[in-house]
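# Summary of structural features
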Amino acid sequence: MTDITTEKARIGAPSAQPFINGFTEEGESLSPVNAAASKAPLAGEAVKRHSHGGGVGIPDSSRAGRLTSYKLADFKPLTGMEEDWRFTPLKRLRGLHTEVLNGAAPSVSVTAPDSVTVETVGRDDRRIGSAAIPEDRVSANAWENFTEATVITVPAEVQVDGEVSVLLTGQGTEASALHVVIVAEKFSKAVVVLDHQGTAVVSENIEILVEDGAQLTVISLQEWNDDAVHASSQQAKLGRDAKFKHIVVSLGGDLVRVTPSARFTAPGAEVELFGLYFADAGQHLEQRLFVDHAVANCKSNVLYKGALQGRNAHTVWVGDVLIRKEAEGTDTYEANRNLVLTDGARADSVPNLEIETGLIAGAGHASATGRFDDQHLFYLMARGIPEEVARRLVVRGFLNEIIQQIKVPAIEDRLTAAVERELAATNH
Amino acid sequence: MSTLEIKDLHVSIDTEQGTKEILKGVSLTIRTGETHAIMGPNGSGKSTLASTIAGHPRYNVTSGTITLDGEDVLAMSVDERARAGLFLAMQYPVEVPGVSMTNFLRTAKTAIDGEAPKLRTWTKDVKAAMAQLRIDADFTQRNVNEGFSGGEKKRVEILQLELFKPKFAILDETDSGLDVDALKVVSEGVNRAHAEGKMGTLLITHYTRILRYIKPEFVHVFVDGQVVEEGGPELADRLEEEGYDRYATGAGAATIAAASAAAQA
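The text that follows walks through the structure, step by step, so that each part is easy to find. Computed from a prediction, not measured in an experiment: that's the story for all the values here.

In this section: the overall build of chain A. Within chain A, the secondary structure is distributed over five helices and 20 strands. Taking all 428 residues of chain A together, the buried fraction comes to 58%. Looking at chain A alone, contacts between residues at least 24 apart form 86% of all its contacts between residues at least 6 apart. Total accessible area on chain A is roughly 16800 Å²; 48% of this is exposed by carbon and sulfur atoms.

This is the structure in C-alpha cells:
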C-alpha cells in the first residue's frame, strides 16, 4: 500500500491581493451561470431547471449540475452509461430502477430512550422533504412509492444517553421502497444506528436534518443476507454550528449502493463521513458521497476504507466534494484506501474535488489502493508472528481505524467479530 | 550457551541494473554473553548483514551459511527465525497503522514463547520496562510506531528486546538519530538485557559514540561487503580518531595488508 500522504494535495493559503475584474483566483470567470446558480445548498434553486424549462443549465461536468427532483418521471431510464451509474451492474438491481416499488418494505423497529420521539407518518407529513431531494432515478422511485415513513425526532437540547437503534429487517425479494426521517433539533445530541438485516430488494431514502448546534451521529450498518439488493440515499442538511458524523459499514448483500451527502446551509458546521466495506467474491459494494460546501467556514473530513477478497469482488468509492464560490474558509479533506487481499477483485476509487474559490483554509484528497504492505508483514514476522496471524492483524488494524470511530461498544464488538468472520473465509 | 555462526556469506540484491553483490564472503561467530560491534562506512553492507540474518526477502543469499546452534537459519522463515531466538532491532522501524502496541507486544510474546504470557505479570513487566526506557505509559494505546519520533521508535525496539528475551540481538544502527540522553537510555536497556547473561549482541554502527555506553569485546570493520579488520575495543578507539579513510573502498584488503605491514614495521 502506498502511503497516501504522498498524494496529498493541499490547496490554500489565499493571497490578500485584490482580484482583477473578471478574474478569480481560479482564473477567468467565463460564465456567470455558476455564480448565479450556486447559491442554494438544497433543492429550490439548486435544482437544475430540467422539467420546467426556461432555466439556465449548469454544465454537467460540475457536481452542482446534477439533476434533483422528487418526480421519477424527471429522470430518464438508466442505460448504465450515466456518470453516476457507470460502475453499477444494473441487471443486478432487480428492478429498483424500473419496477413500481410496491413490495413489502423492510420492517422498521426503533428502540430509543423515552426522550426521543418516534412516529410513523403518511406521505403528506411536513417533515418529508425537509432534508433531502432525490438525485437519481432509484432514489426518486423510492420517493414516489413509499407509503409511510418513520420519523425519529431528538427534541431540542436533549442529550440522549445510549443510542437510538433502528432495526430494518428485509421482508423478501420483491422490490420495495423505504423512507426514514431523522431530525436532531437545536442543540440536541444523539447517536442513531440504522441496522439493515435479512433479505430485501429495497430503495431507501434517509433524510437527516441536523439543526443549529446539534450533534448527531448516524451509523448505517449493512449486514444483509447474501441475496439482498439495497440502494440507499442518505442526505443530511446541516444548520449553523451543527456537527454531523456519518459512518457507513457495508459487509453483506449482493449489491449495496449507498449515496450519503452532507449539505451545509450555515457557517460553523462540521461533518465527518466514515465508511468501511468488505467485499467477498461476487459482491458489489458501492459508495458515492457528496459534500456540498455551499457556505463559508465549514469543515469536512472523509475517510472510507475497504477490503476486497475473492473473484469479482467489486467495490466502488466516489467522493465528490464541492467548494462553491461562497464557501470561503472551507477546510476539507477526503481519502479512500483499499486493501486488495486476493487476485480477481476490483476496487474503483474516484476522489473528485471541485473548487470555485481559492479563499479556503485547505482542501485535499487522496486515494490509495494496494496489496498488503510487505514492510508491515516483515516487521510483524520479525517479531515471531506467523504470516497468517500477521496478515489478519494488519487487515484488522486497517479496518479498525473506522470501527473505533463508532464508539458504541456493542456495535464495535459486533463489527469486529463480523470482520473476523470475513477474514476467516480468506483463502491464501 | 548458544552460538550464532555465519560462514562465508555472499548476499546479493536485484536492482534495475541487474544483480548486485553486497556481501562478499562474511564470516563471524557470536556466542552467548559476547558483544560484537560491526563498524564501517555507509554502503559497506552492515545493514544488509542484519537484514539477511533476520530473513528480509529483498536479500538473496547466493552462498554461505548461517546457523544457530547448528540449526540452518537460512532454511527458516522470518517468523521462525524470531521464534528461534533472533531479534533484529531495526534501523527504520515500520509504522503499522491500526495495530495497537499492547496487542502487538502480546501477540509477539505469545508467538515467541509458544503460550500466552500471564496477563497480570505481563502487564507489570511491560509497564516496568517502559518506565526504565522512559516511554510514556500511553504508548501502549497507540498504534505500532505510528507517529513516534525517531528516538521513540528506537526505544520501543529496545523495549521489545527486553520483553522478548532473544538469544541473539542484532542492533542495526540503533544509535543513529539519537540525542545523547536517548542514546544513554537505549544503551542502558541493551546492557540490562545483556546482563542477564543469556544473550549475545551484534551491534551495528557507523559511529563510535554508542561504544562509550555499550562495551564490545570484539570489533569488526566492514568495508565493501567484507570484514577488513578485526580486533578488540582498542580498534574502536582507533576508528574514533582516524575514521574510515584509511580503508579505501574497493581496495579494502590491500589497504589492510599495507596498514598491518606498517604497524609491524
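Counting from both sides, the interface comprises 30 residues of chain B and, opposite them, 19 residues of chain A. With both sides pooled, the region where chain B packs onto chain A buries about 1900 Å², and carbon together with sulfur makes up 70% of that total. Sorting the residues of chain B by area buried against chain A places B:Asp79, B:Met90 and B:Val94 first, and these three jointly supply 22% of that buried surface. The interface formed by chain B and chain A contains one salt bridge. A salt bridge links A:Arg383 to B:Glu157; the nearest nitrogen and oxygen atoms lie 2.6 Å apart. No other element matches helix H3 (residues 101-113) of chain B, which puts six residues into the side of chain B that touches chain A. Among the residues forming the side of chain B that touches chain A, the class breakdown is 19 nonpolar, seven polar and four charged.

So, about the sheet that holds strand S5 (residues 71-72) of chain B. Residues and elements named next belong to chain B. Strand order across the open sheet formed by four strands is S2-S1-S4-S5, with antiparallel pairing between neighbours. One side of each edge strand has no neighbouring strand; the edge strands of this open sheet are strand S2 (18-31) and S5. Two strands pair when backbone bridges link them, and strand S1 (residues 3-15) and S2 are joined in this way by eleven bridges, in the antiparallel orientation. From the neighbouring strand, Ser12 faces S2, where its bridge partner is Glu21. Here helix H1 (residues 46-54) sits on the sheet and contacts S1, S2 and strand S4 (60-68); the angle it forms with S1, its principal contact strand, is near 105 degrees.

Looking now at the pattern of salt bridges. Under the criterion given, the structure shown has 33 salt bridges over all chains. Residues B:Arg83 and B:Asp79 are paired through a salt bridge, measuring 3.0 Å at the closest nitrogen-oxygen approach. Taken together, the residues span about one helical turn, with B:Arg83 and B:Asp79 both in helix H2 (residues 78-84) at a distance of four residues. Here B:Glu162 ties to B:Arg192 by a salt bridge, and the two come within 2.8 Å at their closest N and O atoms. Of this pair, B:Glu162 sits in helix H5 (residues 150-164) while B:Arg192 sits in helix H6 (residues 180-195), and the two are 30 residues apart along the sequence. Among the residues examined, B:Arg192 registers a relative accessible area of 23% and is labelled partly exposed. Because the salt bridges share partners, they merge into one network encompassing A:Arg63, A:Glu135, A:Arg263 and A:Asp320.

Glancing now at helix H4 (residues 119-132) of chain B. Residue and element names in this part refer to chain B. With 14 residues, H4 extends 20 Å from end C-alpha to end C-alpha; this agrees with the ideal 20 Å at 1.5 Å per step. Those residues of H4 that fall on the buried side of the exposure criterion are Trp122, Val126, Ala129 and Met130. For H4, the arc enclosing every buried residue in end-on projection is 100 degrees, short of the 170-degree limit, so these residues lie on one face. Exposed residues lying more than 90 degrees from the buried face of H4 are Arg120, Lys124, Lys127 and Ala131. In this structure, the buried residues of H4 make contact with H3 and H5. Arg134 sits one or two positions beyond H4 and adopts a positive phi of about 55 degrees.

All names here are of chain B. Secondary-structure assignment places Thr174 in the loop between strand S9 (168-172) and H6. For Thr174, a relative accessible area of 2% gives the class buried. Setting aside its immediate chain neighbours within four residues, Thr174 contacts Ala89, Lys154, Ile158, Val186 and Ile204.

All names here are of chain B. Here Thr32 shows up in the loop between S2 and strand S3 (35-39). A distance of 2.7 Å separates a polar side-chain atom of Thr32 from the backbone nitrogen of Ser2. With sequence-adjacent residues up to four places away left out, Thr32 is seen in contact with Met1, Ser2, Phe168, Gly197, Lys198, Met199 and Gly200.

Turning next to the packing of aromatic side chains. Residue and element names in this part refer to chain A. Using the criterion set out here, one finds six aromatic pairs over all chains in the structure. Aromatic ring contacts, followed pair by pair, group Tyr70, Trp143 and Phe146 into a single cluster. Positioned above the aromatic ring of Phe290, the side-chain terminus of Arg63 is 4.0 Å from the ring centre.

Attention now moves to the packing of H5(B) against H6(B). Residues and elements named next belong to chain B. Here H5 crosses H6 at 10 degrees, and the two axes come no closer than 9 Å. Here H6 runs roughly parallel to H5, going by the angle between their axes. Contacts between H5 and H6 involve Arg155, Ile158, Leu161 and Glu162 on the former and, on the latter, Val185, Val186, Gly189, Val190, Arg192 and Ala193. Class assignment of the residues belonging to the contact of H5 with H6 gives a composition of six nonpolar, one polar and three charged.

Once that is clear, we can look at the environment of B:Tyr247. Residues and elements named next belong to chain B. In this fold, Tyr247 is placed in the loop between helix H7 (233-242) and helix H8 (252-264). According to the relative accessible area criterion, Tyr247 is buried, its value standing at 2%. For the pair Tyr247 and Val223, spaced 24 residues apart in sequence, the C-alpha to C-alpha distance is 7.1 Å. Looking at Tyr247, its side chain comes within polar contact range of the side chain of Arg246, at 2.7 Å.

Of all hydrophobic cores here, the largest spans 117 residues; its most connected members are B:Leu49, B:Phe104, B:Leu105 and B:Leu161. The element that contributes the greatest number of residues to this core is helix H4 (residues 387-403) of chain A, accounting for eight residues. Core analysis: the next-biggest nonpolar cluster, separate from the first, contains 48 residues, A:Val116, A:Leu216, A:Phe264 and A:Leu285 among them.

Now for helix H3 (residues 374-381) of chain A. Extensive coverage of H3(A) is indicated by the burial of six of its eight residues. Among all positions in H3(A), only A:His376, A:Leu377, A:Phe378, A:Tyr379, A:Leu380 and A:Met381 are buried.

Residues and elements named next belong to chain A. The contact between H3 and H4 brings their axes to 9 Å, and the two run at 125 degrees. Accordingly, the angle class assigned to the pair H3 and H4 is oblique. Where H3 crosses over H4, the handedness of that crossing is right-handed. Of the residues in H4, those in contact with His376, Leu377, Leu380 and Met381 of H3 are Glu387, Ala390, Arg391, Leu393 and Val394.

Conventions used here
Residues numbered from 1 in each chain as written. Chains lettered and ligands numbered in written order. Predicted model: local features only at pLDDT ≥ 70, side-chain atom pairs only at ≥ 80, totals over all residues. Heavy atoms only, no water. Helix = DSSP H or I, 4+ residues; strand = E, 2+ residues; numbered from the N terminus. Buried < 20%, exposed > 50% of the residue type's maximum accessible area, 1.4 Å probe, protein only. Contact = heavy atoms within 4.5 Å. Areas by Shrake-Rupley, 256 points an atom, 1.4 Å probe, with all protein chains shown as cover. Buried area = accessible area lost by both parts, 1.4 Å probe. Salt bridge = Lys/Arg side-chain N within 4 Å of Asp/Glu carboxyl O. Nonpolar A, V, L, I, M, F, W, Y, C, P; charged D, E, K, R; others polar. Pairing = 2+ DSSP bridges. Axes fitted to C-alpha atoms, helices over the stretch in contact; angles between N-to-C directions. Expected span 1.5 Å × (residues − 1). Arc of directions from axis to C-beta. Polar contact = N/O pair within 3.5 Å; in protein donor to acceptor, adjacent residues only side chain to side chain. Phe/Tyr/Trp six-rings, centres within 6.5 Å; stacked < 30°, edge-to-face > 60°. Lys NZ or Arg CZ within 6 Å of the ring centre and 35° of its normal. Parallel < 35°, antiparallel > 145°, perpendicular 65-115°, else oblique. Core = buried A, V, L, I, M, F, W, Y, C linked by side-chain atoms within 4.5 Å. Left-handed = near helix turned anticlockwise from the far one by under 90°.

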